[in-house]
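Each chain is listed here by its residues.
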Amino acid sequence: MAYEYTNIDGHRVEVNVAKAFREMAADFQKATGYSLHVSDGTRTWDEQLDFWEDYQAGKGNLALHPSSPLAYHVETNPSGPRALDIHDSGDDAGVTVAGNVRSHWIKANASKYGFDPAGYGFSQVEPWHIEYRGQIGGKVDTPKPSAAQVLEAGGLVNSTIIVKAASAVGLDLAIAAAVIQKESGGRNVFGHDAGGAYHGGGEVTEAKYKDFIKQVRGGKTSNGVGPAQITWPAFFDEMEKAGLKPWVPLDNMKYGFRLMVDYLGGKTTDAAIRNAGKRYNGNASYGDDLLVKVKEWRQRLAGRNVSSAPAQGDERMASRQRFLRHDRGEDITVDGWDGPETQAAVKRYQTFLGVTADGIWGDATEAAHLVFKQTGKSPKVSSSNPFGIVNVEGLQKIAALYGYTGRIDNIWGSGSAAGFAKFLRGNHGYPANQNDVLGPVMWAAIARWLRGRWGYVGNDVPGPVMRAALTKANDANKREL
Ligand SMILES: [Zn+2]
């Protein structure tokens, strides 16, 4: 597969490996006072071939042929480019030689960040060579503009106040932006209603507003006020009762947005938006145009330009929507847009998976999703089930010694599985080429562990006796670790 890279010290480092390295480097610096650097990261096939040829000619360091599955510096390695060579900022050899404080720190702590100090296992020991064992295939984080920046780029002023007001009353930001665009563009000004008080009266101030409302209550035609262009006199009365100041943009928008929320009645379908727009302004064509603008804002807010082709992120969203539709029975549109409908469907799926139901498909959701795809079971439901024992918190504590950084919560997700598999690989002969999912080969490794440490007598088949021994091991580790 094609990987994405981060540049560290001039070297290509796969995104997830880079993230783990930076975390380790930060802690290394705290512990030793030296900064940690990359001497070599990902190599092309040809670069690795050069190293190998040098080594063959007796000139260079130990180097594998680029076709070797253990050549983890190579971008075409079947498990991906996972190796880093490191050095530190000290004047002496530091982490590049064994037996000093800094190299000892790396050897002792690398696994916490998912690195294996694999160079210690080489026929010519290379303390500088480490290999990442975690999940790779991360995406480069391109900083997205904030919502307020998107509004501003779309021509609205007072954008941070728009965001704040919409969020305060729970109005979809795309709808809020479209309303403001159709009203004053965010400017705190009087409107141009024919014959209205303060017609074209410029900036709304407290003094002007007080004079304005006096005129309106005295019988003069009203006029739009502020960013939401509140006009109907009864609304001003209501605002004052609620302690909202019509001349203050935040209060003004909160009130206007609150009206939209009421008019929408909890729906954000096209028809609901059209209808709410019509009620907001009293004019059907307003609703039609509002809907067009809402759709434009949705696209802008989803991080793409209205006129440009769908971005990669939207393709990913579309594929998730397809999954939710076909595999989870969600009646949602596959359009690549992360809207309220999709977010609600994601929340339901998250609840099923047992992760935080926030509607945002992030790392935790993705990890649980992968477990579901592999096992067909919710990681929550299977928490006690892959092993067929009631509690696995002791096994999670073991996993935590091998790189699992999540909670000890009896939910057997991919992180617990990875840490536990690593424990079995390192101590009980579970082969390196096996994945982290529980199967017969892993049961055989577990059986070796249980025979050696927990008094299990029996074969590799997970029957009641083996499960009893596993429970005993789990409970003891839960207590002691
Ligand atoms: Zn290396």
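Note on numbering: residues in each chain are counted from 1, in written sequence order. With pLDDT at 70 or above as the cut-off, local features in this predicted model cover only qualifying residues; side-chain atom pairs require 80 or more to be listed or tallied, and sums for whole chains, interfaces and linings still use all residues.

**Student:** Looking at this structure, how should I read the overall build of the chain?
**Tutor:** Scanning the chain from terminus to terminus reveals 18 helices and six strands. What you see for the chain is a C-alpha radius of gyration of 30 Å, clearly larger than the 23 Å of a compact globule of 481 residues, by over 25%. Structurally, the chain occupies a C-alpha span of about 95 × 55 × 40 Å along its principal axes. Every one of the 481 residues in the chain was classed for burial, and the buried ones make up 40%. A residue pair is marked as a contact if its C-beta atoms, positioned from the backbone, fall within 7 Å. In the chain, the share of contacts with a sequence separation of at least 24, taken over all contacts with a separation of at least 6, comes to 49%. Strands here are runs of E lasting at least two residues and helices are runs of H or I lasting at least four, both read from the DSSP assignment and numbered beginning at the N terminus. Atoms counted for the radius of gyration: C-alpha only. Globule rule: 2.2 Å times residue count to the power 0.38. Exposed residues have 12 or fewer other C-beta atoms within 10 Å of their own C-beta, buried residues have 20 or more, and partly exposed residues fall in between, where C-beta atoms are placed from the backbone.

**Student:** What is the right way to read the domain arrangement of the chain from this model?
**Tutor:** How far each domain reaches was decided by an automatic or database domain assignment. Each assigned domain of the chain is listed here: domain 1 (5–132), domain 2 (147–301), domain 3 (312–375) and domain 4 (381–480). Distance from the C-alpha centre of domain 3 to the C-alpha centre of domain 4: 29 Å.

**Student:** Is there a simple way to think about helix α11 (residues 284–301) in this case?
**Tutor:** Residues that lie three or four places apart on an α-helix share one face, since the helix turns once every 3.6 residues. Over its 18 residues, α11 runs 26 Å from end to end, which matches the ideal 26 Å to within 8%, given 1.5 Å per residue. Residues Gly287, Leu290, Leu291, Lys293, Val294, Trp297, Arg298, Gln299 and Leu301 constitute the buried set of α11. Given a helix with a known number of residues, its expected span is that number minus one, times 1.5 Å.

**Student:** Please clarify how the confidence of the model for the chain should be interpreted in this entry.
**Tutor:** Atom-level detail of predicted coordinates should not be read off regions where pLDDT is low. Scored from 0 to 100, pLDDT reflects the predictor's confidence in each residue. Looking at the chain as a whole, the pLDDT averages 88, with 94% of positions reaching at least 70. Scored below 50 in pLDDT, residues 305–313 makes nine contacts in the model with residues more than four places away or belonging to other chains.

**Student:** When you look at the sheet that holds strand β6 (residues 129–132) in this model, what are you seeing that I'm missing?
**Tutor:** Hydrogen bonding along the main chain pairs the strands of a sheet, whether they run parallel or antiparallel. Here we have four strands laid out as an open sheet, ordered β3-β4-β6-β5, and antiparallel in their pairing. The open sheet has two edge strands with one neighbour each: β3 (36–40) and β5 (115–116). Here a strand pair is declared whenever DSSP counts at least two bridges between the two strands. As judged from the three bridges shared by strand β4 (residues 83–88) and β6, these two strands associate in the antiparallel manner. Across the sheet, leucine 84 pairs through a bridge with isoleucine 130, a residue of β6. Note on geometry: axes are C-alpha line fits, over the in-contact stretch for helices, and angles between N-to-C directions span 0 to 180 degrees. This element, helix α1 (residues 15–32), spans β3, β4, β5 and β6 of the sheet and lies at about 135° to β3.

**Student:** What should I look at first to understand the nonpolar core in this one?
**Tutor:** The nonpolar side chains of soluble globular proteins are, as a tendency, buried together. In terms of nonpolar packing, the biggest core is built from 44 residues, with Ile162, Ile175, Ala176, Ala177 and Val179 touching the most fellow members. Those elements that provide at least two residues to this core are α4 (147–153), α5 (159–169), α6 (173–182), α7 (206–217), α8 (233–241), α9 (249–264), α10 (270–281) and α11. Considering each element in turn, this core owes the most residues, eight residues, to α6. Leaving out residues up to four positions away in the same chain, alanine 177 has contacts with Leu151, Gly154, Leu156, Ile162 and Trp297. Here, a nonpolar core denotes buried Ala, Val, Leu, Ile, Met, Phe, Trp, Tyr and Cys residues that are linked to one another through C-beta atoms within 7 Å. With 30 residues, the next largest nonpolar core counts Phe420, Ala447, Ala469 and Leu470 among its residues.

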